[in-house]
Every structure is written in structure tokens, then in C-alpha cells.
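# Fold and geometry: a report
For reference, the chains in residue letters:
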Amino acid sequence: LEEARRLINAAISFAEAGGHEDLHKKARLSLIRLDIEEIKASPSGAHARPHSQSLVTRIGVIEDYAHVMEMPTLLCEALHARASFLADHGETALAGTLLTRAMAIAKRNGMALRLNRSMTLYASVLSARGLPDQARKLLFGCLEMAKRHGNQIEIERIEAAFDQI
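What counts and what doesn't
Sequence order as written defines residue numbering, which begins from 1 separately in each chain. For this predicted model, a pLDDT threshold of at least 70 governs which residues receive local features, and a threshold of 80 or more governs which side-chain atom pairs are given and counted, while totals over whole chains, interfaces and linings are taken from all residues. Just so you know, side-chain values use all the structure's heavy atoms and leave hydrogens and water out. Labels follow the DSSP assignment, with helices taken as runs of H or I lasting at least four residues and strands as runs of E lasting at least two, numbered in each case from the N terminus. Here the globule rule reads 2.2 Å times residues to the power 0.38, and the radius of gyration is calculated from C-alpha atoms. Only protein chains enter the area calculation, which uses a 1.4 Å probe; residues under 20% of their type maximum are buried, those over 50% are exposed, and those in between are partly exposed. Throughout, a contact is declared for two residues whenever any of their heavy atoms are within 4.5 Å. With residues, only the protein chains shown are counted as cover, and all accessible areas are computed by Shrake-Rupley using a 1.4 Å probe. Any carboxyl oxygen of Asp or Glu within 4 Å of a side-chain nitrogen of Lys or Arg constitutes a salt bridge here. Pairing of aromatic rings covers Phe, Tyr and Trp, the last counted by its six-membered ring, and requires centre-to-centre distances within 6.5 Å; plane angles under 30 degrees mean stacked, over 60 mean edge-to-face, and any other angle means tilted. A ring is scored as having a charge over it whenever the NZ atom of a lysine or the CZ atom of an arginine sits within 6 Å of its centre and within 35 degrees of its normal.

Turning to the overall build of the protein chain, a few remarks are in order. Counting secondary structure elements, the protein chain contains eight helices and zero strands. For the protein chain, the C-alpha radius of gyration of 16 Å lies close to 15 Å, the compact-globule estimate for 165 residues. Across its three principal axes, the protein chain shows a C-alpha extent of roughly 50 × 40 × 30 Å. The buried share of the protein chain, reckoned over its 165 residues, is 42%. The contacts in the protein chain between residues at least 6 apart in sequence include a share of 51% that link residues at least 24 apart. Of the accessible surface of the protein chain, which amounts to about 9,300 Å², a share of 56% is contributed by carbon and sulfur atoms.

Laid out in C-alpha cells, this is it:
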């Protein structure tokens, strides 16, 4: 993970130096995703909560930028990242709302892979809410979509989600 962090930080520096704000925000979101993965991997501790709040704030900045600059891809990815983080911490209500927004943006803009990914996470949220039948039904639709697009990574996520239900 340290090599990934080093490369992402280099990308952030290059984007800042070149005045490429769009690339800067995309790289920042990558760094946030890396931070989220590190939080998932580490045991819960007192130091994690302030860091968690910082992550949510940092994602919010990217969401705001994507909304103002009309960048649906970045907005969809930022909403998904925040929803994933919240779902991992048991906040399924807001996670579901964010995923609904991400799915609407993805569908409206023809972003099938992002739609599929958000649907898969939404199925996990449904399961966490105690709605396993609805989650399974959604996952079957996700699986069809992933197969139609030849998205093996998403197929593996879906299979893992089925195992969690």
C-alpha cells in the first residue's frame, strides 16, 4: 500500500503543478479510497474516528466540486466511495440514499459499469438492513448486467456479496 500511496501522491503533485484540477480531484479520491481500505484493515481504535470524519469531509469536497463542474463520473465515484465507507460502519440509511443518487447519475449518463457497481453495493446495504430476499433479487440483476458487459471484477464482487447474504 505504501507504493500505491507514493504514486498517488506523485500524481496529486503533478496535477497541482500543472493546474489540472479535475485530475487532482480524481487522484485525491484514489487516495481517499486507499485510506478507507487501510481503515478497514486496521483494528478499531480511538484514532480511527477523527480520521473517519476527515475522510467524509474530504469526500464531500470532491462531491461538491464534481457537482459544480458537472462531472457525473467523478460525482458517481465519490458518492459510491462515501456510501461504501458509511455502509462498512453500519450507516445503511444514508449509504442507501447516496447509492440511489449514484445509480440515478450512472443510469442517466450511460455509465453501465458504475451503475452495476453501485447496484451491487446497494444489494449489500439491503442485506444489512435485514432484507435478504430483495438483496438476492437485485444481485441476480447485477450478475446478468456484469456478464452482459464482460465485467469479471464485478462478477467476483457479486459472488462475494451472495456469500455474505
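And the narrative resumes.
Taken as a whole, this structure holds 13 salt bridges when the rule is applied. E21 serves as the salt-bridge partner of K25, at 2.9 Å between the closest nitrogen and oxygen. Of this pair, K25 and E21 both sit in helix α2 (residues 21–41), four residues apart, which is roughly one turn of that helix. For K25, a relative accessible area of 12% translates into the label buried. E21 sits in the partly exposed class, given a relative accessible area of 35%. A salt bridge links R114 to E77; the shortest N-O distance between them is 2.5 Å. Of this pair, R114 sits in helix α6 (residues 112–128) while E77 sits in helix α4 (residues 72–88); the two residues are 37 residues apart in sequence, bridging distant segments of the chain.

With that settled, the discussion passes to the side chain of H24. By the element assignment, H24 lies in helix α2. Setting aside residues up to four positions removed in sequence, H24 forms contacts with I12, A15 and E16.

The subject of this paragraph is the packing of aromatic side chains. In this description, an aromatic ring pair is defined by two values, namely the gap between the centres and the angle between the planes. Under the criterion given, the structure shown has one aromatic pair. In this arrangement the basic side chain of K25 is found over the ring face of Y65, its NZ or CZ atom lying 5.4 Å from the centre.

In short, geometric facts, not functional conclusions.
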